Amino acid sequence: MSHTFTLDGKTIPFTEGQTIIQAASAAGVFIPHLCYHPEFKAHGSCKLCTVKVNGRQTASCTMRAAAGMVVESETEEINAERRALTQMLFVEGNHFCPSCEKSGNCQLQATAYHLGMMSPHYDHFFPNRAVDASHPEVLLDFNRCILCSLCVRASRDVDGKNVFGLSGRGIKTHLIVNAKSGQLADTDFTLADKAAQVCPVGVILQKRQGFAVPIGARKYDKAPISETAEEGR
Amino acid sequence: MTATKKLKVATTSLAGCFGCHMSLLDIDERLFALLEHIEFDRSPLTDIKTCSPDCDIGIIEGGLCNAENVHVLREFRKNCKILIAMGACAINGGLPAQRNHLPLTTILEEVYHTSPGLTNGMIPNDPELPLPLNQVHPIHEVVKIDYFIPGCPPSADAIWKVLTDLLAGKEPTLGHGLMHYD
């Protein structure tokens, strides 16, 4: 039996155990995603990578590829749902792109461009979460957190430190720092940690590095996120 | 081709910095081509103070930070067939909305009473001054907006693309490079 499925009509090969997004990424086909990272176990929370498999919606980062699957991804119906999810992420945080150092290199922003998001559509929450500037090298702005848990997984699975965690339930879910004081300075977190490099938005920022790359030369200025799919991120 | 009636375009800046209007002027000589199809109604460019009741397109820069902003926005919605939100402030509150996590009284105290260099400062209370809102809001939270041009400011090319798409009767779109939130 052939190890292939179709994705928007294109034949995609896969190996046993690969998820749809892994196989698509290996074949150079981009599926929008935020909480998925090729180096970590899938979290399946952001739902941006939702595709239709044989007519039913599922997250492509958790769904194993199977022979003969008919997968739809870049359809107006699915992208409209992805756009609505992205709009919700924008209004739940304070995503003021012009004043964010991550702008131009931000996966959330680039995904919104890819989806043609012209406005946030919903009413803004304008949250007021404390910023943690206690660490000498790193600033944490929790107002931009989209709860992708990439820093949680990187710190736990790669750095072996468990610096970050998600706490609370539902709309009150929020990112916390694992220290008695709750402050990053009271952990063994360093800039060399994997967790310092994976934030897809502007929560974990290196201090004294603001706006280092001029507008026009930043990652997603040069190419849309769909063309960096070969990096798997 | 028969001559068609020019479209009436009104523009205004609410809680914004006028950067989006500067970008509109950055359309440069293409403004002459635009003026063959449109005429400006209420706008800082004409200094007309109120919208004509038959405006075709209203372009709003800036968010809502006081009662007058809300009044002007409602006037635009009432008088314009198509309303466009131009720039980050109109779309998500932008820079002015970054005061939203501070209580308004704290801000007024800091600005007029306790900041260095002020002596005997008083919080302005002239009845002609519009009352500030507790928080700055994007304009789509108050009236229906038909189209959005993101950016801080949007580039002249992005504004040109949206306006010329509309004039051509097409749904406006911005591709890679023209769509920017910063």
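## Observations regarding the overall build of chain A
Alright, step 1. When helices and strands are tallied, chain A shows five helices and 10 strands.
Alright, step 2. The globule rule puts the C-alpha radius of gyration for 233 residues at 17 Å, and the 18 Å found for chain A is close to it.
Alright, step 3. Dimensions of chain A along its principal axes, counting C-alpha atoms only, are 55 × 40 × 35 Å.
Alright, step 4. The buried share of chain A, reckoned over its 233 residues, is 51%.
Alright, step 5. By element, 51% of the accessible surface of chain A is carried by carbon and sulfur atoms, the whole surface being about 10,700 Å².
Alright, step 6. Charge-centre separation for chain A: the mean point of 24 positive side chains lies 4 Å from the mean point of 23 negative side chains.

## A short note on the interface of chain A and chain B
Alright, step 1. Listed by partner, the interface residues are 28 residues for chain A and 23 residues for chain B.
Alright, step 2. Approximately 2,100 Å² of surface area, both sides summed, lies buried where chain A meets chain B, with 62% of it carried by carbon and sulfur atoms.
Alright, step 3. Per-residue buried area on chain A facing chain B is highest for Tyr113, Met118 and Phe126 of chain A; these three make up 35% of the total on that side.
Alright, step 4. Applying the counting rule to chain A against chain B returns one salt bridge.
Alright, step 5. Close ionic contact of Asp182 of chain B with Arg218 of chain A constitutes a salt bridge, the shortest N to O distance being 2.6 Å.

## Considerations on helix H3 (residues 67-79) of chain B
Residues and elements named next belong to chain B.
Alright, step 1. With 13 residues, H3 should cover 18 Å at 1.5 Å per step; its first-to-last C-alpha distance of 19 Å lies within 8% of that length.
Alright, step 2. Contacts from the buried residues of H3 go to strand E1 (7-13), strand E3 (55-61), strand E4 (64-66), strand E5 (80-86) and strand E6 (132-137).
Alright, step 3. Its side-chain oxygen at 3.1 Å from the backbone nitrogen of Glu68, Asn66 defines the N-terminal cap of H3.

## A word on the sheet that holds strand E5 (residues 70-72) of chain A
All names here are of chain A.
Alright, step 1. An order of E2-E1-E5-E3-E4 is seen for the five strands of this open sheet, with the pairing classed as mixed. Taken across any chain shown, the strands that pair with only one partner, and hence form the sheet edges, are strand E2 (10-13) and strand E4 (56-59). Sheet twist, expressed as the average angle between the axes of neighbouring strands with direction ignored, equals 35°.
Alright, step 2. Examined bridge by bridge, strand E3 (residues 50-53) and E5 share two bridges and lie antiparallel to one another. Considered in E5, the bridge of Lys52 is made with Glu72.
Alright, step 3. Sitting on the sheet, helix H2 (residues 76-92) is in contact with E3, E4 and E5, with an inclination near 150° to E3.

## Notes on the sheet that holds E3 of chain B
Residue and element names in this part refer to chain B.
Alright, step 1. Reading across from one edge, E2-E1-E3-E5-E7 is the order of the five strands in this open sheet, with parallel pairing throughout. Either end of the sheet is taken by a strand with one partner, and the two such strands are strand E2 (38-40) and strand E7 (147-149). When the angles between neighbouring strand axes are averaged without regard to direction, this sheet yields 25°.
Alright, step 2. Sheet analysis places E1 next to E3, joined by five bridges and oriented parallel. For Ser13, the partnering residue across the bridge sits in E3 and is Glu61.
Alright, step 3. On the sheet, H3 packs against E1, E3 and E5 and is oriented at approximately 135° with respect to E5.
Alright, step 4. Packing against the sheet, helix H6 (residues 156-167) makes contact with E1, E2, E3, E5 and E7, and its axis sits at approximately 160° to E5.

## Some remarks on the confidence of the model for chain B
Alright, step 1. Confidence in the prediction for chain B averages 94 pLDDT; 98% of positions are at 70 or higher.
Alright, step 2. Predicted complex, confidence summary: ipTM 0.93, pTM 0.95.

## Notes on unusual backbone geometry
Alright, step 1. Residue Pro153 of chain B is reached from Cys152 of chain B by a cis peptide bond, and omega for that bond is -10°.
Alright, step 2. Here Pro153 of chain B lies in the loop between E7 and H6.
Alright, step 3. In this structure, Lys47 of chain A takes a positive phi of about 65° despite not being glycine.
Alright, step 4. Along the chain, Lys47 of chain A falls in the loop between helix H1 (20-26) and E3.
Alright, step 5. Owing to a relative accessible area of 38%, Lys47 of chain A belongs among the partly exposed residues under this scheme.

## A look at the packing of aromatic side chains
Alright, step 1. A complete count under the given rule lists five aromatic pairs over all chains for this structure.
Alright, step 2. With 6.3 Å between their ring centres and 15° between their planes, Phe96 of chain A and Phe126 of chain A make a pair best called stacked. Residue Phe96 of chain A is found in the loop between H2 and helix H3 (107-114), and its partner Phe126 of chain A is found in the loop between H3 and strand E6 (131-132); the two are separated by 30 residues along the sequence. Comparing Phe96 of chain A with Phe126 of chain A, the two get one shared label, buried.
Alright, step 3. Relative to Tyr181 of chain B, the ring of Tyr113 of chain A has its centre 4.7 Å away and its plane inclined at 70°; by these criteria the two rings are edge-to-face.

Thresholds applied
- Residues numbered from 1 in each chain as written.
- Chains lettered and ligands numbered in written order.
- Predicted model: local features only at pLDDT ≥ 70, side-chain atom pairs only at ≥ 80, totals over all residues.
- Heavy atoms only, no water.
- Helix = DSSP H or I, 4+ residues; strand = E, 2+ residues; numbered from the N terminus.
- Rg over C-alpha atoms; globule rule 2.2 N^0.38 Å.
- Buried < 20%, exposed > 50% of the residue type's maximum accessible area, 1.4 Å probe, protein only.
- Areas by Shrake-Rupley, 256 points an atom, 1.4 Å probe, with all protein chains shown as cover.
- Lys, Arg positive; Asp, Glu negative; His and termini not counted.
- Charge placed at Lys NZ, Arg CZ, Asp CG, Glu CD.
- Contact = heavy atoms within 4.5 Å.
- Buried area = accessible area lost by both parts, 1.4 Å probe.
- Salt bridge = Lys/Arg side-chain N within 4 Å of Asp/Glu carboxyl O.
- Expected span 1.5 Å × (residues − 1).
- Polar contact = N/O pair within 3.5 Å; in protein donor to acceptor, adjacent residues only side chain to side chain.
- Pairing = 2+ DSSP bridges.
- Axes fitted to C-alpha atoms, helices over the stretch in contact; angles between N-to-C directions.
- pLDDT = per-residue confidence, 0-100.
- Phe/Tyr/Trp six-rings, centres within 6.5 Å; stacked < 30°, edge-to-face > 60°.

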